[in-house]
Amino acid sequence: QVQLEEAGGGSVQAGENLRLSCVASGLVFNRCGRGWFRQVPGKERELVATITRDRRTVLGDSVKGRFSISEDSEKNTIYLQMNNLQTEDTAVYYCAAGRRKASQGRCTAVDDGYWGQGTQVTVST
């Protein structure tokens, strides 16, 4: 079965950095788009970053200039580098990947495929 496993979350002070990783099993990770989303209880899920098959990236407005997304295809892994973390970055961060549609050779949107269980990031002052 397809499984996405996040790691790297934790508790940090404002201004510090974290790097999240997401390892995929059961699929070739880079055949479809991948990315990171985050959610705070009581609020809607928010796009953090996505990366396409050709490694084009999109960052959410709230994290531009501080976060970046990258991949290691040989390790079937994507990363989220989070720099200068702020209290408003506190959330559960979810790894996601588009699902390939065999009938058309296409993929779903990143947030309409597979999901990891999430990893908590807590930033304090």
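Up top you'll find the structure we're talking about.
Residues numbered from 1 in each chain as written. Predicted model: local features only at pLDDT ≥ 70, side-chain atom pairs only at ≥ 80, totals over all residues. Heavy atoms only, no water.

Novice: Residues and numbers for the nonpolar core, please.
Specialist: Residues Trp36, Leu80, Met82 and Tyr93 are the most contacted members of the largest nonpolar core, which totals 25 residues. Of all the elements in the fold, those that place two or more residues in this core are strand E3 (18–25), strand E5 (46–51), strand E7 (67–72), strand E8 (77–82), strand E9 (91–97) and strand E13 (119–124). (Core = buried A, V, L, I, M, F, W, Y, C linked by side-chain atoms within 4.5 Å. Buried < 20%, exposed > 50% of the residue type's maximum accessible area, 1.4 Å probe, protein only. Helix = DSSP H or I, 4+ residues; strand = E, 2+ residues; numbered from the N terminus.)

Novice: Residues and numbers for the state of the cysteines, please.
Specialist: Counted under the stated rule, the structure contains two disulfides. The disulfide that involves Cys22 links it to Cys95, with 2.0 Å between the sulfurs. Around the S-S axis, the bridge from Cys22 to Cys95 shows a dihedral of about -80 degrees and counts as left-handed. Residue Cys22 is found in strand E3, and its partner Cys95 is found in strand E9; the two are separated by 73 residues along the sequence. Across the pair, exposure class does not vary: Cys22 and Cys95 are buried alike. Bridging Cys32 to Cys107, the disulfide has an S-S length of 1.9 Å. Measuring the twist about the S-S bond at about -70 degrees, one finds the Cys32-Cys107 disulfide to be left-handed. Taken together, the residues span a long stretch of sequence, with Cys32 in the loop between E3 and strand E4 (34–39) and Cys107 in strand E11 (residues 106–107) at a distance of 75 residues. (Disulfide = S-S within 2.5 Å.)

Novice: Account for the pattern of salt bridges, naming residues and giving values.
Specialist: Counting across every chain of the model gives eight salt bridges. The closest approach of N and O atoms between Asp111 and Arg45, which form a salt bridge, is 3.9 Å. Here Arg45 lies in the loop between E4 and E5 and Asp111 lies in the loop between E11 and strand E12 (114–115), a separation of 66 residues in the sequence. Of the charged contacts, one joins Asp54 and Arg56 as a salt bridge, the two residues approaching to 3.1 Å between their closest N and O atoms. Of the two residues, Asp54 and Arg56, both sit in the exposed class. Residues joined by salt bridges that share partners form a network here, namely Arg38, Glu46, Arg66 and Asp89. (Salt bridge = Lys/Arg side-chain N within 4 Å of Asp/Glu carboxyl O.)

Novice: How would you sum up the packing of aromatic side chains? Please name residues and give values.
Specialist: Under the definition given, this model contains two aromatic pairs. Ring plane angle 55 degrees and centroid distance 5.3 Å describe the contact between Phe37 and Trp115, whose orientation is recorded as tilted. Placement of the pair is Phe37 in strand E4 and Trp115 in strand E12, with a sequence separation of 78 residues. Among the residues examined, Trp115 registers a relative accessible area of 30% and is labelled partly exposed. Ring plane angle 80 degrees and centroid distance 6.3 Å describe the contact between Tyr94 and Trp115, whose orientation is recorded as edge-to-face. Of this pair, Tyr94 sits in strand E9 while Trp115 sits in strand E12; the two residues are 21 residues apart in sequence, bridging distant segments of the chain. Taken together, the aromatic side chains of Phe37, Tyr94 and Trp115 make up a single cluster linked through ring pairs. Lying across the ring of Phe29, Arg34 places its NZ or CZ 5.8 Å from the centre. (Phe/Tyr/Trp six-rings, centres within 6.5 Å; stacked < 30°, edge-to-face > 60°. Lys NZ or Arg CZ within 6 Å of the ring centre and 35° of its normal.)

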